[in-house]
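Architecture at a glance
The primary structure of each chain is shown beneath.
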Amino acid sequence: MSHQFKLGNSWILVLLMLSIWLTDCSPSKQSVIPSATPIHLPGLPGLAVNKLFTEVDGFIQVEAESFHSSDSDGTLRRWMQVQGDSIAAVASGKSYMAIQPRTGITADETWSKRTTLLADSGSAAMLSYKVYFNTAGLYYVWVSSYSAANTNSTLHVGVDGYWPESSARVQWCNGKDEWTWSSAQGLEDKPCGTPNTIKLNILESGHHTISFAGAKDGFKFDQFILTLDKNLNL
């Protein structure tokens, strides 16, 4: 009787193990995080996965509205998302970012970084984006902006809180009253700049913060591109 009892227990144990195995293999078992769930990434606490962009094969294109953070830096201006107007209707994603309020320069207004024209890169209303670079290198920066006739649009670009001269003063002289790409740096002796001269040196792969500072109120910003291809033509 003792032997039969032990054998019966053995069969119960086998059946129990088989039941556990079948449960683990069941297709209804959830084994991954749903894609809608924010995923906090190492080194970036509290950052949702849809706010991190990744460079692939030396190229990345990002919508201006997909910024990670916005900072006025104590200035009078703010970046605001605009939807529903005629300019947004022809923008990518049907919206864009603009520096508001739009006051323009008057005869009595000081040309100061705290008012309308911002003299220093990185001392202005800023938008920042988290980018993971698989490849380090010299990236050329392209920005899509909308500027009206008889206006002069300028934007500064920085990385990890540093604002290099090589990425200051993205300039738009052509393509007025439409969304236009530019990678030209405005210079004192050449205000409209030369294409493919705005660049950022990404020294190592990994997480980096790319920031944009508006040099003038009213600036309209739709997208940006970072590319290792110096000869990219848009």
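Please refer to the structure higher up on the page.
Residues numbered from 1 in each chain as written. Predicted model: local features only at pLDDT ≥ 70, side-chain atom pairs only at ≥ 80, totals over all residues. Heavy atoms only, no water.

**Re the packing of aromatic side chains**
The cut-off we apply is this: Only the six-membered ring of Trp is used, alongside the rings of Phe and Tyr, when aromatic pairs are assigned; centres must lie within 6.5 Å, and planes under 30 degrees apart are stacked while those over 60 apart are edge-to-face, with the rest tilted. Put simply, DSSP marks the helices as runs of H or I at least four residues long and the strands as runs of E at least two long, and each gets a number from the N terminus on. Three exposure classes are used, based on accessible area relative to the maximum for each residue type with a 1.4 Å probe and protein chains only: buried under 20%, partly exposed in between, and exposed over 50%.
In total, this model carries ten aromatic pairs according to the counting rule given. Between Trp79 and Phe219, the ring centres sit 6.2 Å apart and the planes meet at 85 degrees, which makes this aromatic pair edge-to-face. Placement of Trp79 in strand E4 (residues 78-83) and of Phe219 in the loop between strand E12 (206-214) and strand E13 (220-227) is noted, with a sequence separation of 140 residues between them. Given the relative accessible area of 6%, Trp79 is considered buried. Look at Phe219 and you get buried, because its relative accessible area is 3%. Connected via pairs of aromatic rings, a cluster forms that spans Trp79, Tyr129, Trp172, Phe212, Phe219, Phe221 and Phe224.

**A word on the pattern of salt bridges**
Which entries qualify depends on this criterion: The term salt bridge refers to a side-chain nitrogen of Lys or Arg lying within 4 Å of a carboxyl oxygen of Asp or Glu.
For the structure shown, the criterion picks out one salt bridge. The closest approach of N and O atoms between Arg169 and Glu165, which form a salt bridge, is 2.5 Å. In this structure Arg169 comes out as partly exposed when scored by relative accessible area, which is 25%.

**Examining the nonpolar core**
Definition in use: Residues grouped as a nonpolar core are buried Ala, Val, Leu, Ile, Met, Phe, Trp, Tyr and Cys residues, joined through side-chain atoms within 4.5 Å. Two residues form a contact once any of their heavy atoms are found within 4.5 Å.
Ranked by internal contacts, the top residues of the largest apolar core, which has 29 residues, are Trp79, Ile210, Phe212 and Phe221. Beyond its immediate chain neighbours, meaning those up to four positions away, Phe221 contacts Ala64, Trp79, Tyr96, Met97, Leu127, Tyr129, Val143, Ser144, Trp179 and Phe212. Formed by eight residues, the second largest nonpolar core is a distinct cluster that contains Ile87, Tyr96, Tyr146 and Trp179.

**Some details on the environment of Leu200**
The residue Leu200 is located in strand E11 (residues 199-202) in this model. Considering only alpha carbons, one finds Leu200 and Leu138, 62 residues apart in sequence, at a separation of 5.8 Å. Sequence-distant contacts of Leu200, that is, excluding residues within four places in its chain, are made with Gly137, Leu138, Tyr139, Val141, Val157, Gly158, Val159, Pro164, Ser167 and Ile210.

Function-wise, these values are silent; they only describe arrangement.
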